[in-house]
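Take a look at the letters that make up each chain.
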Amino acid sequence: SPAAVAALGPAITRIVHDQLGVLFDSVVDGWVDAVPTFSDPVPVRTILELIGLPGEDADRINRLVGDTGALLDGVTELDGMSSAMHAAIELGMYVGEHLDRASALPAERRRGLLGVFSAQIEAGEVSAGEVRDMLVVLVSAGSETTASLIATTIEVLAADPVRQQHLRSHPEEL
């Protein structure tokens, strides 16, 4: 619902501010790699918040999402496919375990999409396996595509001083 999305605003703001702190703290001799310090963790942490998964698992989930990339890339050797498959299975097990935990809680204590989906499972509208699979896709595809878009935006802005100045003069456009 629109209200549920709006309720995520403060958490997303906190996530962005936290990662900006990491980004700024990582500058060495005027340089920083924005991908591992900002564009990768922000979407993972945001999606974990949306789903109701623990934020402290962001590094693990980010690694698993990265490792599953070979399944989507289609360009890898057998060993790469094997590693990607194991990462996808681990991600599925992780999401499934948290779905089971959420489903065992009283309805009023459930968070995020885990709470919504737990109620739908109880109502017989969807199976736990279907929910697990949807959440794995959400975590993987949502993190990967959003991280790429953030990284591309940073790259475009870094190469365009006119846009940089415009945004400095008009921060409300961010």
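Before reading on, note that the structure itself is shown above.
The present account deals with the structure reproduced in this document. All values derive from a computational prediction rather than experimental measurement. For every chain, the first residue of its written sequence is number 1, and the numbers climb from 1 along that sequence. Restriction of local features to residues with pLDDT of at least 70 applies here, the model being predicted, together with a cutoff of 80 or more for giving and counting side-chain atom pairs; totals for whole chains, interfaces and linings are based on all residues. Neither water nor hydrogens contribute to the side-chain values; these are computed over all heavy atoms in the structure.

Regarding the packing of helix 4 (residues 41-51) against helix 8 (residues 128-158)
Between helix 4 and helix 8, the shortest axis-to-axis distance is 8 Å and the interhelical angle comes to 145 degrees. Regarding helix 4 and helix 8, the two cross each other, and that crossing is right-handed. Side by side, helix 4 and helix 8 meet where Val42, Pro43, Val44, Ile47, Leu50 and Ile51 of the first sit next to Leu135, Leu138, Val139, Gly142, Ser143, Thr146, Ala147 and Ile150 of the second. For helices, the fitted axis covers only the stretch in contact; all axes are lines through C-alpha atoms, and the angles between them, taken along N-to-C directions, range from 0 to 180 degrees. A run of H or I in DSSP counts as a helix once it spans at least four residues, and a run of E counts as a strand once it spans at least two, with each numbered from the N terminus. Should the near helix be turned anticlockwise from the far one by less than a right angle, the crossing is termed left-handed; should it be turned clockwise, right-handed. Residue contacts are counted whenever heavy atoms from the two residues lie within 4.5 Å of one another.

Section: the layout of surface pockets
In this structure, the largest pocket occupies an estimated 780 Å³ of space. Breaking the lining of the largest pocket down by element, the ones donating at least two residues are helix 2 (9-25), helix 3 (34-39), helix 8 and helix 9 (161-169). Tallied by class, residues from the lining of the largest pocket come to 15 nonpolar, two polar and three charged. Only protein atoms enter the 1 Å grid, on which a cavity is a set of points fitting a 1.4 Å probe that cannot get out and a pocket is an open set with protein on both sides within 12 Å along at least 5 of 7 lines, lining residues being those with an atom within 4 Å of a point. Grid points are joined across faces, edges and corners, and a volume is the space filled by probe spheres set on the points. Its volume calculated, the second largest pocket comes out at about 200 Å³. Taken together, Ser1, Ala4, Val5, Ala7, Leu8, Leu50, Gly112, Leu113 and Val116 make up the lining of the second largest pocket. Within the residue set of the lining of the second largest pocket, elements represented by two or more residues are helix 1 (2-7) and helix 7 (112-122). Ten residue types, Ala, Val, Leu, Ile, Met, Phe, Trp, Tyr, Cys and Pro, are classed as nonpolar, four, Asp, Glu, Lys and Arg, as charged, and the remainder, Gly among them, as polar. A per-class count over the lining of the second largest pocket returns seven nonpolar, two polar and no charged.

Comments concerning the pattern of salt bridges
Only one rule defines a salt bridge in this text: a Lys or Arg side-chain nitrogen within 4 Å of an Asp or Glu carboxyl oxygen. Applying the stated criterion across every chain, the model contains nine salt bridges. Notably, a salt bridge pairs aspartate 18 with arginine 45, separated by 3.2 Å at the nearest N-O pair. Highlighted residues: aspartate 18 in helix 2 and arginine 45 in helix 4, separated in sequence by 27 residues. A simple rule labels every residue: compare its accessible area, found with a 1.4 Å probe on the protein chains alone, to the largest value its type can have, and call it buried under 20%, exposed over 50%, or partly exposed in between. A residue is classified by how much of its surface remains accessible, and aspartate 18, at 36% relative accessible area, is partly exposed. Using a relative accessible area of 16% as the deciding quantity, one classes arginine 45 as buried. One connected set of salt bridges, linked through shared partners, spans Arg60, Arg63, Asp67 and Glu90.

Section: the packing of helix 6 (residues 78-104) against helix 7
In contact at an axis separation of 9 Å, helix 6 and helix 7 are set at 70 degrees when each is read in the N-to-C sense. On the basis of the axis angle, helix 6 is roughly perpendicular to helix 7. The segment helix 6 lies against helix 7, with His98, Leu99, Ala102 and Ser103 engaging Leu114, Ser118, Ile121 and Glu122. Partitioning the contact of helix 6 with helix 7 into residue classes produces four nonpolar, three polar and one charged. Every angle not falling under 35 degrees, over 145, or within 65 to 115 is termed oblique; those three ranges are roughly parallel, roughly antiparallel and roughly perpendicular.

What to know about the environment of alanine 58
Within the element layout of this structure, alanine 58 appears in helix 5 (residues 58-73). The spacing of alanine 58 and valine 44 is 14 residues in sequence and 6.2 Å in space, taken between C-alpha atoms. Excluding its chain neighbours within four sequence positions, the residues that come into contact with alanine 58 are Val44, Arg45 and Leu48.

Some words on helix 6
Every α-helix winds through 3.6 residues per turn, so residues three or four apart in the chain are directed the same way. By definition here, a helix of n residues has an expected span of 1.5 Å times n minus one. Over its 27 residues, helix 6 runs 39 Å from end to end, which matches the ideal 39 Å to within 8%, given 1.5 Å per residue. Within helix 6, the full set of buried residues consists of Ala84, Ala87, Leu91, Gly92, Tyr94, Val95, Gly96, His98, Leu99 and Ala102.

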